[in-house]
Structure formats: structure tokens, C-alpha cells
Amino acid sequence: MAYEFERTQRIVVVGGGPGGYEAALAAAQLGAEVTLVERAGVGGAAVLTDVVPSKSLIATAEASNAVKEAADLGVQFYAKGQHDKAVKPKVAINLAAVNKRLLGLAAQQSEDMRRNLVDAGVHLVQGDGRLDGPNAVIVATGPGGTDFDRLEADTIVVSVGASPRVLPTAVPDGERILTWTQLYDLQQVPEHLIVVGSGVTGAEFASAYRALGAKVTLISSRDQVLPGEDQDAAFVIENVFTRNGMKVLNTARAASVVRDGDEVVATLADGREVRGSHCLMAVGSVPNTRGIGLEEAGVQLSDSGHIRVNRVARTSMPNIYAAGDCTTFLPLASVASMQGRTAVFHAMGDIVNPPENRNITSNIFTQPEIATVGWTERQIEEGLVQGVVYKLPLATNPRAKMMGIRDGFVKLFASSGSGSIIGGVIVAPKASELVFPLALAVEHRLTVDQFAEAFPVYPSLSGSLTDAARAMHVVR
């Protein structure tokens, strides 16, 4: 008697960043025949040139700040041979050593991810992949991409990421005019770093390099830094920036940036010039979707070139999914990972819980950090949701006083009727860690009273979350 067996589903993932990595891993765990195509290394730009190295650099900047601010806590430093004379510490940064370390960390993270995929049974192919219709991927391999492999697929997951946007009037040269992927080649802290763009990337690097000792000028085309974020949070960050010696030029659009010998010159739209030693262009990113056969395969793109996807990461073609910064969804590494898993679960008929935009946490790694989740205060003011707002300054927190924390706050948003927590903002050191219980509250629709029943450690920064919830007690 002859038996017929169902053929194993063939899944090809193009791009090994957070979305592609998670998609490949999930598909292998569900028993698919999986091939991952990646040109640079597992982890993609997020691990090799973006999230991992940038946050490692920021950690070094935080350590530098901690040393400088230790005197405020009563920690005294003495000059050699003058034990009776306290001095303010001078912190020296060996940027070449810092960059070597953080690139090493990125490479190790990439190798760990590669090993996980191999152990799971994923077949890895290094090269440039492009779609050949809706059911195949062609990979250019070998020296100069002269050899080609054709991979047949039942399901394709595209996770090709994005690259720094380049303006024709400010073309990076990799030495003085830089994108954020080129910063790690610097051997010394810039004498004067001009940062063009005050969004998340610009604000994070401006904050880090000021802490590392560089003179920093931040050029913002809007009336304040971080224009898309909570207004109170952006106000705190800008105040910290200026107090720490950063020069912030608001409503100042950079018309061009050119190199002048060992200097760079940023010319503003109003004719003013800003001279510095280096310039970081942080003016957004563009998806890596051109020339990889998407439109020819029937995949719809937005005007900006992003891949249109629905909540389960499916494109306009039923068997093609997409994840990460190349899509119209939120450009966060955590979101890319969730999209990758969701895509595979949906494609293979597993249980799917599509991510809800309002439940997604995000964080800006300035000093202090800004963490957000859920509905925003602006949306409440615009009447998109009925809610009440309570803001508690962090300076009233006993642990914050012990740690010498002066800046920051906790802000909770609750539904006007039920008292359910619908969002919040935290501005504090390590806000990225503090926001998790708030994210759980939003995800599971806890009321302020239910949230306040939890016992925080005393003293702790997280105690401000419970204090804010208690202040919003709903009388029944």
C-alpha cells in the first residue's frame, strides 16, 4: 500500500534582522523547511550597525556621566599627592577602544543568533536576495555576486530593513559628514559634533556624545526636540540638553552640509552657518525595497517605498509577508520580531494574536530615557479617546532623591469611565525597564485601582507608578 505524505512547507526569509531572524526561528520550530538569505550577517543592520552598537555607546556615555555626577552624592576625588584637596574628576574617553568593544559585542550577538538558527535547522545563504515572482527568490552569491541560486518557496517573508536617508545637499563622506552607521569608525571623540535632525536618532546620539565630552550643536527644524513625542517629555529632555552645555537650534532647517578641510559647514535656510569638526546626518531612513522584485511579484508599496502589510504582516500577495522597518508598521526592533513570528504563525495556520499598535512600548535612549505605551495625551486632548491624565514628578520619589535624580516624571492615562489604564509616559533613568509593568497594565486592561494593589519595593523608582495610580483612585 502506498502512502502519500504532505510535503513540508518551504519558507524563504529575505533579510536576517530581528524580523527575519524571528520568522526563520519560529518557522523551523513549527517544522517548516526554512532558508534565510542575508547579505551582511545574521541580525542585520539592527545588530551590526544600529541598535546594538548605538545602545552600547549610550551605555558608555551613561557610565561617563555617572562618574562626573558622583560628587553630587558625596563621592570625592583627590589629585595625586594632594590627599587633602578634593577635585572635580576629568573623565577621558578612549573612543577607539569604545568602538572596538561595541562592534565586538555586535559581532558576538550576530554569531549567537547565527548559531541559534543553525541549531534549529535553518539553512543560511549569504548573498543579495530578490523575488522572482511570488513563489521564488533568487540569491546573488559568490565573488561580486556573479553566481545565482533560485529558491522555490511556498511562503516568502521579506525583512530587508532600511538605510539612512541621504540628502543631495549633505552627502556623507564617511570621515567628517556621517550617517549613524559610520560613527563607529571614529578614533576620537569629535571636538564639535553638529547633529542635523532632532528626532529619536539625532537626540540619542546628541545626548551620548555630549556625555562623552564633545561639544554638540543640535539642529532641529521644529520648535522643539523630539517633535513626535510627549510634549512634557520633550521639554524635559531639551532642558537637560541645554543645561549640560548642548546648543539647540530650533526652527532651523539645514539647507546644506559641506566639508571645508578639517571642518564641516552646515548652512541653515536663513543663511546662518554652523561650523564644527564633524556632522551626523540623522534625517530619517528609507526602506531597502528598491530593485528586489517586490512590485513585479504583485506586492503593493506605499509612496515612500514601504511594504503595505496588515496586522498579521501579510502583504497584498497572500503567500508573501513582510516584517520590520521596510513595512508600513512601527519601525522598532521589538515590533519587527513580533511581526516575524506573527507572519509565520499565520502562514502555517498556528494561533495568531496580532500586535495592537496601542499596546506597543517604545523607548528613547537619551539621558534620561523616555518610555511610552498606549494612548497619548495628545490623542486624549483631541477627543480620540476619553481619558484623564495624572503626572507625578520624579523628584518627589524617595529613591530618586537618594540617587540624585532631578529630572523626570511618571504620567498615567486612564479611561474616564472605567478607570482602566490606557497609556502612560515615563521620563527617568532606565525608563525602558520601568515601563514594563505599565505595558502589562495596558495589555490586560487593568484599572488604576488594580494596578495600585501591587506592592512596589520601598524605596524604588517604580513606586512612583503605584503612587500615581493611587492618586487616580476611582470612587465607586
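Above this note sits the structure.
Residues numbered from 1 in each chain as written. Predicted model: local features only at pLDDT ≥ 70, side-chain atom pairs only at ≥ 80, totals over all residues. Heavy atoms only, no water.

For the sheet that holds strand E8 (residues 147–152), give the residues involved together with the corresponding values.
The strand order E6-E7-E8 describes an open sheet built from three strands, whose pairing is antiparallel. Edge positions in the sheet fall to strand E6 (128–131) and E8, since each has one partner strand and no second. Each strand of the sheet is rotated relative to its neighbour by a mean of 25°, with strand direction disregarded. Inspection of the sheet shows E6 paired to strand E7 (residues 136–141) by four bridges, in the antiparallel sense. (Pairing = 2+ DSSP bridges. Helix = DSSP H or I, 4+ residues; strand = E, 2+ residues; numbered from the N terminus. Axes fitted to C-alpha atoms, helices over the stretch in contact; angles between N-to-C directions.)

How would you explain the nonpolar core if you had to name every residue and give the values?
Formed by 44 residues in total, the largest nonpolar core has its most connected members in Leu57, Phe205, Tyr209, Leu226 and Ile370. Once residues lying within four places of it in the same chain are set aside, the contact partners of Tyr209 are Leu57, Leu95, Leu183, Leu186, Pro190, Leu193, Ala214 and Val216. Among the nonpolar cores identified, the runner-up in size contains 27 residues, and Val373, Leu394, Val435 and Leu465 belong to it. (Core = buried A, V, L, I, M, F, W, Y, C linked by side-chain atoms within 4.5 Å. Buried < 20%, exposed > 50% of the residue type's maximum accessible area, 1.4 Å probe, protein only. Contact = heavy atoms within 4.5 Å.)

So what's going on with unusual backbone geometry? Which residues, and what values?
Of the consecutive residues Gln367 and Pro368, the connecting peptide bond is found in the cis state with omega at 0°. In this fold, Pro368 is placed in the loop between strand E21 (362–364) and strand E22 (369–374). Residue Pro459 is reached from Tyr458 by a cis peptide bond, and omega for that bond is -5°. Relative to the assigned elements, Pro459 resides in the loop between helix H12 (448–452) and helix H13 (463–471). Even without being a glycine, Ala313 presents a positive backbone phi close to 70°. Tracing the backbone shows Ala313 in the loop between strand E19 (285–287) and strand E20 (320–322). The exposure class assigned to Ala313 is buried, which follows from its relative accessible area of 1%.

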